[in-house]
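Single-letter residue listing:
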Amino acid sequence: MIDFSRNYFDLFGLTPAFRVDGAVLDRAYRQLQTEVHPDRFAGGSDAQRREALQSSARVNEAYRALKNPVQRAQYLLRLRGIDTLSETDTALPRDFLERQLERREEAADAQAAGDLRALSALLADARAESQALEDALAQLLDGAQEFAGARMQVRELTFLAKLAEDLDAMLAACES
Amino acid sequence: MALFQISEPGETPAPHQRKRAIGIDLGTTNSLVATVRNGLAVVLPDGEGRPLVPSIVRYGEHGVETGYTAMAHQTGDPQNTIVSVKRLMGRGLPDLTDARRFPYRFVDSPGIVRIGTRAGVKSPVEVSADLLRALRDRAEASLGGPVDGAVVTVPAYFDDAQRQATKDAAQLAGLPILRLLNEPTAAAIAYGLDNASEGVYAVYDLGGGTFDISILRLSRGVFEVLATNGDSALGGDDFDHRVFCWIIEAARLAPLSPSDARLLLVKAREAKENLSEHESASILAKLADGSSVNVTLTKAIFTEITGNLVAKTMSPVRRALRDAQLQTTDIKGVVLVGGATRMPQVRRAVAEFFGQPPLTNLNPDEVVALGAAVQANKLAGNRERDDDWLLLDVIPLSLGLETMGGLTEKIIPRNSTIPIARAQEFTTYKDGQTAMAIHVVQGEREKVVDCRSLARFELRGIPPMVAGAARIQVTFQVDADGLLDVAAREQGTGVEATIAVKPSYGLSDGEIAKMLADSFTHAADDMQARALAEAQVEADQIAAATESALATDGELIGTHERAAIDGALAKLRRFREGTDHRALRAAVESLNHVTGEFAARRMDRSVSRALTGKRVDALSD
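Residue indices follow the written sequence of each chain, beginning from 1 at its first position. Labels follow written order: the first chain is A, the first ligand is 1, and so on. Local features in this predicted model are restricted to residues of pLDDT 70 or higher, and side-chain atom pairs are both shown and tallied only at a pLDDT of 80 or more, whereas totals for entire chains, interfaces and linings draw on every residue. Only heavy atoms go into the side-chain values, all of them from the structure, while hydrogens and water stay out.

What follows concerns the overall build of chain B. Looking only at helices and strands, chain B has 16 helices and 27 strands in total. Among the 621 residues that make up chain B, the fraction classed as buried is 50%. Contact criterion: two residues are considered in contact whenever any of their non-hydrogen atoms come within 4.5 Å of each other. A separation of at least 24 residues holds for 66% of the contacts in chain B among residues at least 6 apart in sequence. Total accessible area on chain B is roughly 29300 Å²; 52% of this is exposed by carbon and sulfur atoms. Here a strand is any run of E in DSSP of at least two residues, a helix any run of H or I of at least four, and the numbering for each starts at the N terminus. Here the term buried applies to any residue with accessible area under 20% of the maximum for its type, exposed to any over 50%, and partly exposed to those in between, with areas from a 1.4 Å probe on protein chains only. Computed with a 1.4 Å probe, the accessible areas rest on the Shrake-Rupley method; for each residue, only the protein chains presented here act as cover.

Dropping the structure here:
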């Protein structure tokens, strides 16, 4: 089946980098699943089926991590021994935090008023800022190879992703 | 008498014999079974050519009846005739907000609703197993032998409890289950393979009792579900109920008996179906007290009273698109599945939402079973011309754990591609804590009370440590059926801790085992019945043969012999009316014995008759 010691990029035949070609990743993912998916081993032994289940789950997890820019950045740093998730130093720039607090307040007001347009605007805003951060991260990680220095941007991106997720949930709640 | 089975030339069993693989659509209103024959998925009809099996089980005076037979009794014997049992799968009585709609005698037991019937208290799993058994029998009769593997479909939005209940039912029915497959995904397989489609498609599946929406990307033989959503308690049944309520109001009826209620529900369904083709439908019924109902429902009123049900399907559609991060303009086609999508107002609403007419070139009743058959055929290992495709499905609802303060910590988010495994570490919150309660929940809400409780675990034997020092890794694993396994382990010390699993829903393994044992007892009854039926056929054959021989060649035997044969025949007829297959077999044997001489003499006579007039050279070969 698959070699669990290989890193996610290697698994899909990619070079570790923040910028990945989505189409190449998609193709490699589908190809790999064709080989390891439990459906291929439905008539196999218990051991084979268990192995297929674990391999396929691993490929799904790897794909999910690389497909999503936030998770991809976190994973890239983890390969360099930097764990952005369990760091004790979680400081963020004051102006960034203030901006996010403002957004959260606006979102709460918009939700209370059932203002879908305002929520959508906030979501678009958060996504635009994420995009700018991603561009900056591509420079830092793929260009300058500044892994430790990219920690702040990765934390900000993580923060924005959570905000976008919450805004999404608010929109969904307003719609239904 | 020995019978030889001779294969037709060209039909000799191949050395690598094909597996008997079937797909089952276990629906709220109707069920179907399909298989792949000569490379083509086909629905297996009953002896009268009817493809559907009404999902109705009756516990009658003379045993279990299913399908149309059970349906005939639904108004006469409503409390023992179970319809729409799918709505009860994996549910407890408190979950059923519409319990009063069902005319059954509900029995509440922890986490699971049961129904009191003439044949005893039945769980929805047992009732479903009876349906599955009928479908299995139909398949076996058609395929000429036991089923090697089955794919059973479930609504995509079914939670873990509902899926597990379905799998338990299949197990109970003695079906070797290859996979639980999501209904809209099954439809997409049937549709996609048929049309060689590429692109992003939406499958809008409004069944008898459940609603699903799935967004899939079809690309070079890969069916990738991007997002799914739905409502596992919304379907055609609810439209029937609206009409039913309208009839009661329009005809100013007093509270109804269970029989009258079921009668009017049947009438309501007929009216609904009529309105797909006509502008109005008259509802005529005679109630038990002799009074009659005569009202006319127009299409306009029907559309009005069901408007919010149609609207209710659109929220899940919006959520699925949002989760897939797509717009309606990204959708290349919308496939309609489920009998309820025949309603014009549903088609109109879908067309309006997606800005394109939905695809309706496949039979919405059959497409799920056909897709399941294709998947079963592939999983069973039967090779087909274009079986080079792969299915990647998702889990519909997030899975998580209860944390401090009754909040949910999500471990696996909804719409994650399955199979998937995720581990998360937790720690103790008190010094010297040696046990940890783990509560597994499913759902999107923040508070545990708003989610579905799936299981409670207790991890014991954690060595006493200061608070926060223990590292307990909880692993969630969801398999390709969408079913969850949870394991918990204390990492740091290497001390093996034990887990006590206590399902908080459905049936425990012990219950399943007991039911299986019971079904073996029933199987013994079934075998008894089969042996008797076979002995009866044999008895009838030999009795008929003996009588005709006595009529034509009666002069060949003496009076003593004749009396012995008559005696044996009389004994055979007596046991023919009884239920003891062994006694009947013995009677057949004894008739065989006393007619032995007679048969030999008849043989001689017929041989000599045949020889008369033949020339000798025609005999020597």
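Only Phe, Tyr and Trp rings take part, Trp by its six-membered ring, and two of them pair if their centres are within 6.5 Å. Stacked means planes under 30 degrees apart, edge-to-face means over 60, and tilted covers everything else. Scanning the model with the defined rule gives nine aromatic pairs over all chains in all. Aromatic pair A:Tyr29 and A:Tyr63: ring centres 3.7 Å apart, planes at 5°, arrangement stacked. With A:Tyr29 in helix 2 (residues 22–36) and A:Tyr63 in helix 3 (residues 46–67), this pair connects stretches of sequence that are 34 residues apart. Residue A:Tyr29 is classed as buried on the basis of its relative accessible area of 0%. Take A:Tyr63: its relative accessible area is 9%, and that puts it in the buried class. Seen from their ring centres, B:Phe223 and B:Trp389 are 5.9 Å apart, and the 80° between their planes marks the pair as edge-to-face. Of this pair, B:Phe223 sits in strand 15 (residues 222–231) while B:Trp389 sits in the loop between helix 11 (367–379) and strand 19 (390–392), and the two are 166 residues apart along the sequence. The exposure class assigned to B:Phe223 is buried, which follows from its relative accessible area of 4%. Among the residues examined, B:Trp389 registers a relative accessible area of 6% and is labelled buried. Grouped by ring-pair contacts, the aromatic residues A:Tyr8, A:Phe9 and A:Tyr75 constitute a single cluster. Lying over the aromatic face of B:Trp389, B:Lys378 brings its terminal NZ or CZ to 4.8 Å of the ring centre. Should the NZ of a Lys or the CZ of an Arg lie within 6 Å of a ring centre and within 35 degrees of the ring normal, that charge is described as sitting over the ring. Directly above the ring of B:Phe575 sits B:Arg574, whose terminal nitrogen or CZ lies 5.8 Å from the centroid.

This part is about the sheet that holds strand 22 (residues 420–426) of chain B. Taken together, the three strands give an open sheet; going across it, the order is 22-25-26 (chain B), and neighbouring strands pair in antiparallel fashion. Of all the strands in the sheet, just strand 22 and strand 26 (484–490) of chain B have a single pairing partner and so form its edges. Across the sheet, the mean angle from the axis of one strand to that of its neighbour is 15°, orientation sign disregarded. By definition, two strands form a pair when at least two bridges between them are found by DSSP. As defined by bridge partners, strand 25 (residues 472–478) of chain B adjoins strand 26 of chain B across seven bridges and the pair is classed as antiparallel. Counted as the bridge partner of B:Val478 is B:Leu484 from strand 26 of chain B. Here helix 3 of chain A sits on the sheet in contact with strand 22 and strand 25 of chain B, set at roughly 75° to strand 22 of chain B. Here an axis means a line fitted to C-alpha atoms, over the contact stretch when the element is a helix, while the angle between two N-to-C directions is reported on a 0 to 180 degree scale.

Time to look at the nonpolar core. In plain words, nonpolar cores are sets of buried Ala, Val, Leu, Ile, Met, Phe, Trp, Tyr and Cys residues tied together by side-chain atoms within 4.5 Å. By size, the foremost hydrophobic cluster in this structure holds 49 residues, and its most contacted members are A:Phe12, A:Leu66, A:Leu137, A:Leu141 and A:Leu167. Elements with a contribution of two residues or more to this core: helix 1 (8–11), helix 2, helix 3, helix 4 (69–79), helix 5 (94–113), helix 6 (116–143) and helix 7 (151–175) of chain A together with strand 19 of chain B. Element by element, the count of residues in this core is highest for helix 6 of chain A, at nine residues. In this document the domain limits rely on a domain assignment from an automatic tool or a database. For this core, the two domains that each supply at least three residues are domain 1 (8–67) and domain 2 (94–175) of chain A. Beyond its immediate sequence surroundings of up to four residues, A:Leu167 is in contact with A:Ala107, A:Leu119, A:Leu122, A:Leu123 and A:Ala126. Counting residues in each nonpolar core, the second largest holds 46 residues, with B:Leu234, B:Phe239, B:Leu297 and B:Ile331 among its members.

Moving on, we get to the packing of helix 5 of chain A against helix 6 of chain A. Helix packing for two helices is described by the angle between their axes and how far apart those axes are. Residues and elements named next belong to chain A. Two numbers describe how helix 5 lies on helix 6: the axes approach to 9 Å, and their chain directions differ by 155°. If you check the angle between helix 5 and helix 6, you find them roughly antiparallel. The handedness of the crossing between helix 5 and helix 6 is left-handed. Of the residues in helix 6, those in contact with Phe 96, Arg 99, Gln 100, Arg 103, Glu 106, Ala 107, Ala 110 and Gln 111 of helix 5 are Ala 118, Leu 119, Leu 122, Asp 125, Ala 126 and Glu 129. Amino acids are sorted into nonpolar (Ala, Val, Leu, Ile, Met, Phe, Trp, Tyr, Cys and Pro), charged (Asp, Glu, Lys and Arg) and polar (every other residue, Gly among them). When grouped by side-chain class, the residues that make up the contact of helix 5 with helix 6 number seven nonpolar, two polar and five charged. Orientation labels follow simple angle bins: below 35 degrees gives roughly parallel, above 145 gives roughly antiparallel, 65 to 115 gives roughly perpendicular, and whatever is left gives oblique. A clockwise turn of the near helix away from the far one marks a right-handed crossing, whereas an anticlockwise turn of less than a right angle marks a left-handed crossing.

A word on the domain arrangement of chain A. One frequently used descriptor of interface size is the decrease in accessible area upon assembly of the parts. Assigned domains within chain A: domain 1 (8–67) and domain 2 (94–175). For domain 1 of chain A versus domain 2 of chain A, the distance between C-alpha centres works out to 30 Å.

Turning to the confidence of the model for chain A, a few remarks are in order. Per-residue pLDDT for chain A averages 89, and the proportion of residues at 70 or more is 97%. Averaged pLDDT values for the elements of chain A fall to 86 in helix 7 of chain A and rise to 95 in helix 1 of chain A. Per-residue confidence from the predictor is reported as pLDDT, a score between 0 and 100.

Our next topic: the interface of chain A and chain B. Counting residues at the interface gives 24 residues for chain A, matched by 30 residues for chain B. Buried surface at the junction of chain A and chain B, summed over both partners, amounts to about 2300 Å²; 48% is from carbon and sulfur atoms. It is A:Arg30, A:Asp39 and A:Arg64 in chain A that bury the most area against chain B; as a group they hold 28% of the surface buried on that side. Salt bridges, as used here, are contacts in which a Lys or Arg side-chain nitrogen is within 4 Å of a carboxyl oxygen on Asp or Glu. Seen at the junction of chain A and chain B, the total is four salt bridges. Each of two parts loses accessible area, computed with a 1.4 Å probe, when they are put together; buried area is these two losses added.

Take the sheet that holds strand 13 (residues 199–206) of chain B next. Residue and element names in this part refer to chain B. Taken in spatial order, the five strands line up as 18-13-14-15-19 in an open sheet, and their pairing is mixed. Edge positions in the open sheet fall to strand 18 (333–337) and strand 19, since each of these has one partner strand only. Going across the sheet, the axis of each strand differs from the next one's by a mean of 25°, ignoring polarity. As paired strands, strand 13 and strand 18 are joined by five bridges and run parallel to one another. Bridged to Tyr 201 within strand 18 is Gly 333.

Let us look at the pairing of strand 9 (residues 112–117) of chain B. Residue and element names in this part refer to chain B. By the criterion of burial, strand 9 is predominantly enclosed, with six of the six residues buried. Residue alternation in strand 9 divides its side chains into two sets, Ile 112, Arg 114 and Gly 116 and Val 113, Ile 115 and Thr 117, and both sets are buried. Between strand 8 (residues 105–109) and the antiparallel strand that follows it, strand 9, lie two residues; Gly 111 among them carries a positive phi value of about 75°. In textbook terms, the turn of a hairpin is the stretch between consecutive antiparallel strands, and for strand 9 and strand 10 (residues 120–122) this stretch comprises two residues.

All names here are of chain A. Within helix 4, the full set of buried residues consists of Val 70, Arg 72, Ala 73, Gln 74, Tyr 75, Leu 76 and Leu 77. Looking at the buried side of helix 4, the elements it contacts are helix 1, helix 3, helix 6 and helix 7. The definition of a polar contact used here is a pair of N or O atoms within 3.5 Å, where within protein one atom must be able to donate a hydrogen and the other to accept one, and adjacent residues in sequence count solely through side-chain atom pairs. Its side-chain oxygen 2.8 Å from the backbone nitrogen of Val 70, Asn 68 forms the N-cap of helix 4. Two residues or fewer after helix 4 comes Gly 81, characterised by a positive phi angle close to 80°.

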